[in-house]
Every structure is written in C-alpha cells, then in structure tokens.
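Chain residues, written in single-letter form:
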Protein chains: 2
Amino acid sequence: MKYNVNRARNITLVMDFYELTMSYSYFKKGMKDEIVYFDMFYRKNPDNGGVVITAGLQQLIEAVEDMHFSDGDLDYLRSLHIFDEAFLDYLKNFKFTGDIWAVPEGTPVFPYEPLVTVRAPIIEAQLIETFLLVTINHQSLIATKAHRVVQEAKGRPVMEFGARRAQGYDGATYGARAAYIGGASGTATVSAGEMFGIPVLGTMAHSFVQSFDSEYEAFKAYAEIYPDNCILLVDTYDTLKSGIPNAIRVAEEVLIPNGHRLAGIRIDSGDIAYLTKKARAMLDVAGLTDAKISISNSLDEYLIRSVLEQGAKIDSFGVGENMITSKSAPVFGGVYKMAAVEKDGKIIPKIKISENTEKITNPGYKKVYRLIEKETQKALGDIIMFANEKINVNDDLTIYSQFDKWLNKTLPAGEFEYFELQKPVFKDGQCIYPEYTLDEIRENVKKQSALMWDEIFRLEYPHKYYVDLSRKLIDYKLKMLEEKRG
Amino acid sequence: MKYNVNRARNITLVMDFYELTMSYSYFKKGMKDEIVYFDMFYRKNPDNGGVVITAGLQQLIEAVEDMHFSDGDLDYLRSLHIFDEAFLDYLKNFKFTGDIWAVPEGTPVFPYEPLVTVRAPIIEAQLIETFLLVTINHQSLIATKAHRVVQEAKGRPVMEFGARRAQGYDGATYGARAAYIGGASGTATVSAGEMFGIPVLGTMAHSFVQSFDSEYEAFKAYAEIYPDNCILLVDTYDTLKSGIPNAIRVAEEVLIPNGHRLAGIRIDSGDIAYLTKKARAMLDVAGLTDAKISISNSLDEYLIRSVLEQGAKIDSFGVGENMITSKSAPVFGGVYKMAAVEKDGKIIPKIKISENTEKITNPGYKKVYRLIEKETQKALGDIIMFANEKINVNDDLTIYSQFDKWLNKTLPAGEFEYFELQKPVFKDGQCIYPEYTLDEIRENVKKQSALMWDEIFRLEYPHKYYVDLSRKLIDYKLKMLEEKRG
C-alpha cells in the first residue's frame, strides 16, 4: 500500500557537477576502476548538542539501487559538450558494484566517526557522493532536532506539523520521516503517512472557523462529523472569552448528549502558560477533565521546556517550522572524504590535511566500535581502528584522543565489551541490509540511547562523548602528517 | 530537453492532514462549493532584511495543474477509516476550478501584501493550501537569500554549491532554481541544470587530488582533460607551499606550451583575505594575471562583504550551505488566510483576530498596487485596497498604515503612477499565465529592483517600505475589529 515517491523518480542527477568532471577524468585516465575507500562523517553536533541520531539510510539504499542515467539525462549531459560518447555510454550502463557499510538508522553517533564507509571503484564512489550526503545529512539533522524536542516534552506526544515551512516537498516528507525516527508521535503531512505509514493527525485551521457564520456553528459542525475525535481550535477570535466557552457548549450540547466526549482543544497563539492554565481550569469546571490541551505556536525544545517549567497545562505539542527545518541549526555538515586507495591489493591510507586541525581526516580503511562498560551497561566511548585491527576484551585497551596522542585512557581488561557500529549494507553492489520498519528504527533509538549516559542528551553543555583512535591509527596519522608537512 | 522531475511524480499529498478533515466537513455539510477568497502573505522579511524576492510560482502552477489523487492515494485515505466513499469519489475526480492571482516571480515584495490570492470553492481552496505554501515559501526564501549574497559580491559571479547540505533533493534542485532567480550565476547541481537550464559548473574535490600519487600529477591530469577550463583546487595539502606552486607548474609545463591558459584556482579553506592576496601575487609573478581566484568556504553575504572589505583578491564565489538552506534564517513564514466568502453573489470580508496585533489579517477580496513617483521613477510604497476600489491618479491619494490609521501619507495628484502587483494566473481552473524562462525572471528582478531605493536592500537596518491600506479598507477593518471584540 505504501507508495514510494522517491523510487518513482530519478534523483541520480541530484549531483554536484564536479562528480562528473572528476569521473570523466578517471575514465579518460584509465583510473576509473581503482578501488578507493571513502568515509562519510561530520565534525560538529547541531545546536551545540552532544549527539546526533542517524537517519536516512533506507533512502540512501534506494537511491543507490535505483541509480541510473536516463536517456534524457544523457541527452542533457551530451548537450554540455564536455564529455565524449564513450563516457556517456559508461554512464548509460552505470551500476554501483561496490561495498557500503553504515551505522543503522536511529543510532546515537558522534563527531568524526564514519557513519557510512564506501569501498568501490573510484568513479562509482564519486558518483554516489552528493545524494549520499544530502540524504544522510538532511534526515539525521531532523531526527536529531526531533529527538531534542521530544525529550523536552517529557513524555507528552509531539506531532510534526511543519510541511508548509519545509524547504521543499522532500523537506516536508522525508523530514516527517526523520522526525518520527527522532521520536515524534506522528505527522500532519499526508505524503509521509502514505509513504512510510507514520500516523497522521489533523483537525482544523482558523479558516474552518471563519467559514461558518459563528465559531459555535463551526465547532458544532466539526463535532457532528468527528464526534469521537473532536479537537477544536479555540483561538480564532478570543481563546478565553469565545473559543473555550464555545468548545464547552459544543461538548455539552452536541457531544455528551450523544454519548461522546470532547477530545480536546488546540491553542495556536497567545501566552501559552497563561492560556493553558486558564483553559484547563475552565474545562475542569465544566467536567471536561478528560479533554486534552494541545499547543502549536512556534515551538521548539527550549520553548517547550520553558512553558512546562512555568506549569503550563499541556497534553500534547504540535511542532512546525522549528523542527522541520531544524531552524536554530539548519545544516548538518556531513562530509565524504577519501580515506584510502587500493594498489595491487594493498590498502594505502590517504589523508586530507588542512590549516584547521579539526579538518584533518583519519586515514585508512577503518572500523568503529562502541565500548560498553560491563558493570553499568553504559557506553564508555567509541574507538576508531584500522579494519584489520582486533579488540581483545581480555587485554587492557588504550584509546587515544584524535587530536592529541597524550590524551589517552585505558580500559581495564575484562571490564568492557564492544560492538561494531557500522553494519554491512552493500556487498559487490548488492544490498544485503534488511529493510527495517520505522517502528523498529524507533525501537533502535530507545535501545541505543539506553546505552548512553543521560548527560549526553543535555541541551546545554552536554557531556562530551569520547571518539578516540587506536594506537596504530594515531601513530600512522601522526607519521603521515609529519611526512606531508615536513 | 528539460526533464521535469516535479511533474513525473505526484505531490498532491504533500498536504497537511487537516486540509482533508476540513474538506470532508465541508463536503458532508453541503458547503464544499461555497466560494471563498484566501490570501497568501508573510509578516516578516527573513534576516531582518528589507525585502523578499518572490519565487516558486511556476512550480505552484504545475502543482495545481497536475493535482490529482491516485488510486494509491485513495486506498491510503480509505485505510484511515475516516472518510466515506462519496468523499473519496469526489477526490478521485478532483480538479481545481478556481481563480488564482499572484505576484510574478522575481518581484521585490514586502510584509502583509498578498503574494497569491485564491478565489475558489472552499474545498478546493483548502486542498491546495499546503503545497502552495511550501512551494512559495521555500523558493522565495532562497531567492531572497541569494539576492543578498549576490549583492555583496559586487558584480563577481556567485555559484550555488549547496546540494550536499540542502534539506532534501528538492531543497537542492528547487533551491538552485531559486538561487538563480535571486542572482546566482549558476549551480553545481546537475538536476537543476537539466530541469531548468541553469548553467552548471564544477571542477574537482580534494578526493581527486588525493587519488593521484601527488598533487602535481592530479593537476596535470586535470589540465590535460580540461585544458580550456582548468580550475585547480589548491588547498588539499598546503595552499601556498604546494597547491599554488603546483598550479603554476602545470600552467607552465602543460597548459601554456599547448596554447592554453590556466583558467583559475579554487581555495576552500584557510584565511581567505590572506591566502587570496598571496595567491594573486604568486600567480601574477608567474605571469598568470588572467587566472581567476575562486573561493568557497562557508560563505554568506556577511563574510563576502567582510573579505572584500579586507581587500581579498577574489574573482568569483562558490556559496554552499549558507545559501541553499538560508542558514541564518531558514524559514519563510508565509501564511494562507481566509479573506472573504461569497454569499448570494455578495463578497463578505472575513477577519482573523489575534492577541498579537501583527497577526490580525486584512479582510476582503483585495488588490495590491505599487505606487511609483513620476519624477524619480522610484516606488513610493504599495497600497492594498478592496478589489472594487479604483485609484485615480488625478486625485490626491491618502494611504494608511495597517496598524494605525493616524499614520497616513498623501500622494499629490499627478505626481504618481501605479501598477497592479498580482497578475491573473488561473481563471476557472485554466492557467492563463505565460511560462517565463528563468532568464526572463532574472530580468524581472533587475527591472523591478530598479524601481526600489537602494536603501531597501541594505543588509542591516534597511529602509522600511510602506505597505499601506486604502481608507475604505482600514475603516472596514477597524469596524470589524470593534464588532468582534466589542
């Protein structure tokens, strides 16, 4: 039943042009089949937070599987008079043949660790770069923001209401998916309901109230059509003097006599703390103690925390533009950097140097492991190692800060366990990763978050999680830096 | 040749669910064909700017024309067990039959004036709301941001480079379209080149340089393949010690001996002012005075202004995440509010009241006119009037502040002229609006901007442009407010 709009269209050319100019160079220079390793990672948590919740992998898988250059695409590329026919022919028959490992959706992750690793012929690794980045960057951004918002709602449902202010149709639809992964209870965006099975919710706009001769008549009509789920928007004219009294009247005259209850009211403007306290009291006095109060007025995680601290009487939140665009931090800066090349079957690590220390990459084909303290079952940190290194839980394990070898920490033998963070997703171009339901992904968020100390999730000055390197990796990196700079 | 990915898919359900719950109510209550008027407008310029540049109308037209509920959509809606078969049948045969007026793309506009006005059966006016808003909101946001960025580049080309950090695939593609309308010279996003004919540009990433045994070999390979458009990324290892010397060597050894020139270099990190001055000097000393310097490192309008003020030697800019997401102001708050209903052929204005004065709507079916001072050919302001009012240029015209009637201004007879801001777009469901090319829309930006005083476009504390009301409209509005509140 789910309709996958993504697969109904061709997003292959959502691609930076330099992927093509580089690919053409590799093609012309006979280098296109050289095997390379790329890591996708990011450097800074959005909103100065402590963590990111990954999302978007399912769409990345679909984009890789569906990737193709249509005749129209090739005609367009031909019209640029840059590429020769042999190259266009190569694109016509393009199929991804490489390997991809990725961190599952709904996993808490941290700066500098590879979220996605690609091993592929260089031309393929390059041609998938842009949509890989936009897919993971966008959804991880929104999932992370939603996680923050939902956390501050302290158990109250948060509905995603942002389509109209999203950055485009995909921003609305995939954003709703990501928000659901991050913990939102549902969405107003119907396409996201249809495509992903996310619960959809919606009641009325101010225009509905205005379209009747009076607010009471509007509420009455709505109650007659939706007697079992009657949520009334009470702030079109005057919340306390008109909206709530009319809602109560409809409950008493239309709903209760017919065996129904008023499901709730929604307030979309004004002082939330004040209005919800007054509203709660008015509803309670009328015996409508079960009517819920829903709020939807430019909310974000900070405002939700603030109104709850002020004692606002709120049962659920509708969150729009601030969540669907991650307004306070609307960019997730994932990058895709070459980590190694294979020459004659040997893996040769590559490094990207920069004036800015934090922009220097970790070289080599690597794996990331999450280290868990046995006693507390809490994560101690993550370690990035060369893929051919092994962790031995019966030995002490020393982990080294990425930027300063002398900052290190030793985990005593026998006191920790570990698991690998990335899972195999593609092998020789074939997807070998299961398609998880969104509910399974939401479960993963809970399960993986339970491994984290709460301090990681704090909005302000969160605990800094360790993402460290193995001794071999830090030594190799420092040696490379010396050579390149020396 | 242009492939329209938007039309290849169905975005009808990029729709808030409440559009459907309201529509079902109208359907059940026999109200669905009541004629209503809606205005789309916004209340605040992004980035505390003085103006917005409109964009997105072409995609809105396509969305309205293509709107339909597929069998899959209807199956999904049926599965929710909320709507009856008669309503689903209505949706199956849905076609927009109303009228739409809109401000052409590429027009400077201001808070509170209707950018789009819809006259339609209420059910239709409601069902188009969400995609109308997301389309105009998103593209107007990015066009406005691009306009700011391009303005500060002071004639230097600005390329849009943001796909990887966009909020989804549409964010990248339609964002590139909007950025081009706003004045960007081209884009890196191939899909935007293909769909809209926008010039595409791209050269190489750091990975290209890394994939060769040395930076020099990478540059040499690139120069051999693109001798006529050789732009080299010089900051993979060390810009001044390695990148630029290697670029010069390639110019001298590969390009010049074969009758070509070095087109330029690109710097993507480090201190822009310092590095570009050094780079310019090194290139000039080598006789490469015609080699251009391009910069692309987290730029926005403020940083561009700053580095130019510092005397940075820059020929062109590549702008990524800060433009494609309008990072400093990633939400354009367009709203869609009911302005009137028709009863027995009479238009009855409607108003939305709010605790916040600036959220009170302007009632009625209205038109907006731009008032031009004859002598200077500069805009004096805009006036919103009832549609049945006329401006007589041979009479004095008094215009009234939206929020305070006592703030008014009189334009002397004979000293001003005017034009209507909105154009007819749909009449009885038929599109009657021409399809403009992007180049025509870019011309419109220039032509319409020439009517504005420069102070409107200032980044900080811009001149506040008048958007005032006619006497009749302000009087009517105040009367309605008194009645509703009284």
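Criteria and thresholds
Residues numbered from 1 in each chain as written. Chains lettered and ligands numbered in written order. Predicted model: local features only at pLDDT ≥ 70, side-chain atom pairs only at ≥ 80, totals over all residues. Heavy atoms only, no water. UniProt positions renumbered as here; feature names shortened; annotations may be inferred. Helix = DSSP H or I, 4+ residues; strand = E, 2+ residues; numbered from the N terminus. Buried < 20%, exposed > 50% of the residue type's maximum accessible area, 1.4 Å probe, protein only. Contact = heavy atoms within 4.5 Å. Areas by Shrake-Rupley, 256 points an atom, 1.4 Å probe, with all protein chains shown as cover. Lys, Arg positive; Asp, Glu negative; His and termini not counted. Charge placed at Lys NZ, Arg CZ, Asp CG, Glu CD. Least-squares fit on C-alpha atoms with pLDDT ≥ 70 in both. Expected span 1.5 Å × (residues − 1). Buried area = accessible area lost by both parts, 1.4 Å probe. Salt bridge = Lys/Arg side-chain N within 4 Å of Asp/Glu carboxyl O. Polar contact = N/O pair within 3.5 Å; in protein donor to acceptor, adjacent residues only side chain to side chain. Arc of directions from axis to C-beta. Domains from an automatic or database assignment. Axes fitted to C-alpha atoms, helices over the stretch in contact; angles between N-to-C directions. Parallel < 35°, antiparallel > 145°, perpendicular 65-115°, else oblique. Left-handed = near helix turned anticlockwise from the far one by under 90°. Nonpolar A, V, L, I, M, F, W, Y, C, P; charged D, E, K, R; others polar. Pairing = 2+ DSSP bridges. Phe/Tyr/Trp six-rings, centres within 6.5 Å; stacked < 30°, edge-to-face > 60°. Lys NZ or Arg CZ within 6 Å of the ring centre and 35° of its normal.

The name recorded for chain A in an unreviewed UniProt entry is Nicotinate phosphoribosyltransferase, from Intestinibaculum porci. Its UniProt record gives chain A the following Function (unreviewed entry) comment, quoted word for word: "Catalyzes the first step in the biosynthesis of NAD from nicotinic acid, the ATP-dependent synthesis of beta-nicotinate D-ribonucleotide from nicotinate and 5-phospho-D-ribose 1-phosphate." Comment text from UniProt for chain A, heading Pathway (unreviewed entry), reads "Cofactor biosynthesis; NAD(+) biosynthesis; nicotinate D-ribonucleotide from nicotinate: step 1/1."

A. Looking closely at the overall build of chain A. If you tally the helices and strands in chain A, you get 16 helices and 21 strands. The dimensions of chain A, computed from C-alpha atoms along their principal axes, are 80 × 60 × 40 Å. The buried share of chain A, reckoned over its 486 residues, is 64%. Looking at chain A alone, contacts between residues at least 24 apart form 74% of all its contacts between residues at least 6 apart. Accessible area for chain A stands at about 17500 Å²; split by element, carbon and sulfur atoms hold 50% of it. Across chain A, the mean location of the 58 positive side-chain charges is 4 Å away from that of the 68 negative side-chain charges.

B. Representation of the relation of the copies chain B and chain A. Between the two copies, chain B and chain A, the superposition gives an RMSD of 0.0 Å; the rotation angle is 180° and the shift along the axis is 0.0 Å. The symmetry that links the two subunits is that of a two-fold axis. In this assembly the copies share their binding face: 99% of the residues contributing to the interface of chain B also contribute to that of chain A.

C. Broad picture of the UniProt feature "domain: Nicotinate/nicotinamide phosphoribosyltransferase" (unreviewed entry) in chain A. Those places that UniProt annotates as "domain: Nicotinate/nicotinamide phosphoribosyltransferase" (unreviewed entry) correspond, in this numbering, to residues 158-348 of chain A. As annotated, residues 158-348 of chain A has a helix share of 42% and a strand share of 17%, and its two end C-alpha atoms lie 48 Å apart.

D. Fine view of helix 11 (residues 239-255) of chain B. Residue and element names in this part refer to chain B. Between its first and last C-alpha, helix 11 extends only 20 Å over 17 residues, short of the 24 Å set by a 1.5 Å rise per residue. Those residues of helix 11 that fall on the buried side of the exposure criterion are Thr 239, Leu 240, Ser 242, Gly 243, Ile 244, Asn 246, Ala 247, Ile 248, Val 250, Ala 251, Val 254 and Leu 255. Against the buried residues of helix 11 lie helix 10 (215-225), strand 8 (231-233), strand 9 (264-267) and helix 12 (272-285).

E. Looking closely at the interface of chain B and chain A. In this assembly, 117 residues from chain B lie in contact with 116 residues from chain A. For the pair chain B and chain A, the summed buried area comes to about 9200 Å², and 57% of that belongs to carbon and sulfur atoms. Counting the surface chain B buries against chain A, the share from its top three residues, Arg164(B), Gln167(B) and Tyr169(B), is 11%. Scanning the region where chain B abuts chain A turns up 10 salt bridges. For the interface between chain B and chain A, the tally reads 43 residue pairs in polar contact (both at pLDDT 80 or more).

F. Seen up close, helix 3 (residues 71-79) of chain A. Within the span of helix 3 of chain A, buried status applies to Asp73(A), Leu74(A), Tyr76(A) and Leu77(A). For helix 3 of chain A, the angular spread of buried residues about the axis comes to 160°, placing them on one side. Where the residues of helix 3 of chain A are buried, they touch helix 1 (17-28) and helix 4 (85-92) of chain A together with helix 8 (190-196) of chain B. At the exit of helix 3 of chain A stands His81(A), carrying a positive phi of roughly 55°.

G. View of the domain arrangement of chain A. All names here are of chain A. On domain assignment, one finds that chain A holds domain 1 (17-142 + 330-485) and domain 2 (155-324). Inter-centroid distance (C-alpha atoms) of domain 1 to domain 2 is 40 Å. Taken together, both faces of the contact between domain 1 and domain 2 bury some 1500 Å²; the carbon and sulfur share is 58%. On the domain 1 side of the interface with domain 2, the three residues burying the most area are Ile 142, Leu 438 and Arg 442, jointly 42% of the side's total. There are 2 salt bridges connecting domain 1 and domain 2. Along the contact surface separating domain 1 from domain 2 lie 7 residue pairs in polar contact (both at pLDDT 80 or more).

H. Expanded view of unusual backbone geometry. Despite not being glycine, His81(A) shows a phi value in the positive range, around 55°. Given the relative accessible area of 71%, His81(A) is considered exposed. Residues other than glycine seldom take positive phi values, yet Tyr461(B) does so here, at roughly 45°. Inspection of the secondary structure puts Tyr461(B) in the loop between helix 15 (438-449) and strand 21 (467-469).

I. Region of interest: the environment of Gln167(A). Mapped onto the secondary structure, Gln167(A) falls in the loop between strand 6 (158-160) and helix 7 (169-182). Sequence separation between Gln167(A) and Arg119(A) is 48 residues; the distance between their C-alpha atoms is 32 Å. Within the structure, Gln167(A) has its side chain in polar contact with the backbone oxygen of Thr325(B) (distance 2.9 Å). Within the structure, the side chain of Gln167(A) is placed 3.0 Å from the backbone oxygen of Pro330(B), a separation counted as a polar contact.

J. Representation of the packing of helix 10 (residues 215-225) of chain A against helix 11 (residues 239-255) of chain A within the structure. All names here are of chain A. The geometry of helix 10 relative to helix 11 is characterised by a closest axis approach of 9 Å and an angle of 40° between their N-to-C directions. Classified by the angle their axes make, helix 10 and helix 11 are oblique. Between helix 10 and helix 11 lies a crossing whose hand is right-handed. Only Ser 242, Gly 243, Asn 246, Ala 247, Arg 249, Val 250, Glu 253, Val 254 and Leu 255 of helix 11 make contact with helix 10, whose side of the interface consists of Glu 215, Tyr 216, Phe 219, Lys 220, Ala 223 and Glu 224. Taken together, the residues that form the contact of helix 10 with helix 11 break down as 7 nonpolar, 3 polar and 5 charged.

K. Highlighting the pairing of strand 13 (residues 346-349) of chain A. All names here are of chain A. Both strand 12 (residues 335-343) and strand 13 contribute to a ladder of 4 bridges, which runs antiparallel. By the bridge assignment, Lys 343 is partnered in strand 13 with Lys 346. Counting the residues that bridge the hairpin from strand 12 to strand 13 gives 2 residues, and of these Asp 344 lies at a positive phi of roughly 50°.

L. Examining the side chain of Asn137(A) more closely. On the secondary structure map, Asn137(A) appears in helix 6 (residues 129-152). For Asn137(A), the side chain forms a polar contact with the main-chain nitrogen of Gly334(A), separated by 3.0 Å. Dropping the residues within four chain positions of it, Asn137(A) is found in contact with Met40(A), Phe332(A), Gly333(A), Gly334(A), Arg164(B) and Arg165(B).

M. Spotlight on the sheet that holds strand 8 (residues 231-233) of chain A. Residues and elements named next belong to chain A. Within the open sheet, the 6 strands sit side by side as 7-6-11-10-9-8. Their pairing is parallel. Each edge of the sheet is formed by a strand with only one pairing partner; in this case those strands are strand 7 (186-187) and strand 8. Taken together, the 3 bridges between strand 8 and strand 9 (residues 264-267) define a ladder with parallel strand orientation. If you follow Ile 231 over to strand 9, its bridge partner there is Gly 264.

N. Highlighting the UniProt feature "domain: Nicotinate phosphoribosyltransferase C-terminal" (unreviewed entry) in chain A. Mapped onto the present numbering, the UniProt feature "domain: Nicotinate phosphoribosyltransferase C-terminal" (unreviewed entry) falls on residues 366-476 of chain A. Taken end to end, residues 366-476 of chain A comprises 16% helix and 36% strand; its first and last C-alpha atoms sit 12 Å apart.

O. Structural view of the pattern of salt bridges. With the rule as written, the count across this model stands at 67 salt bridges over all chains. Here Lys220(B) makes a salt bridge to Glu224(B), at a shortest N to O gap of 3.0 Å. Taken as a pair, Lys220(B) and Glu224(B) lie in helix 10 at a separation of 4 residues, close to a single helical turn. Here Glu460(B) makes a salt bridge to Arg305(B), at a shortest N to O gap of 2.9 Å. A residue pair is termed long-range when its members are at least 10 positions apart, and Glu460(B) in the loop between helix 15 and strand 21 and Arg305(B) in helix 13 (residues 301-309) qualify at 155 residues. We classify Arg305(B) as partly exposed; its relative accessible area is 24%. Ionic contacts of the salt-bridge type, sharing partners, join the residues Asp16(A), Glu19(A), Glu129(A) and Arg164(B) into one network.

P. The sheet that holds strand 12 of chain A, seen in detail. Pairing is antiparallel in the open sheet, where 7 strands are placed in the order 13-12-1-5-3-19-20 (chain A). A single partner strand is all that each edge strand has here, and the edge strands are strand 13 and strand 20 (430-431) of chain A.

Q. Geometry of the packing of aromatic side chains. All names here are of chain A. The tally for this structure, following the rule as stated, stands at 53 aromatic pairs over all chains. A ring pair is formed by Phe 27 and Phe 87, whose centres lie 5.5 Å apart and whose planes are at 65°; its orientation type is edge-to-face. Here the residue Phe 27 occupies a position in helix 1, and Phe 87 occupies one in helix 4, the gap between them amounting to 60 residues. Look at Tyr 90 and Phe 94: their rings are 6.2 Å apart centre to centre, the planes differ by 90°, and that puts the pair in the edge-to-face class. The pair formed by Tyr 90 and Phe 94 is uniform in burial state, with each residue classed as buried. A cation over an aromatic ring shows up here: Lys 378 above the ring of Trp 453, its NZ or CZ 5.9 Å from the ring centre.

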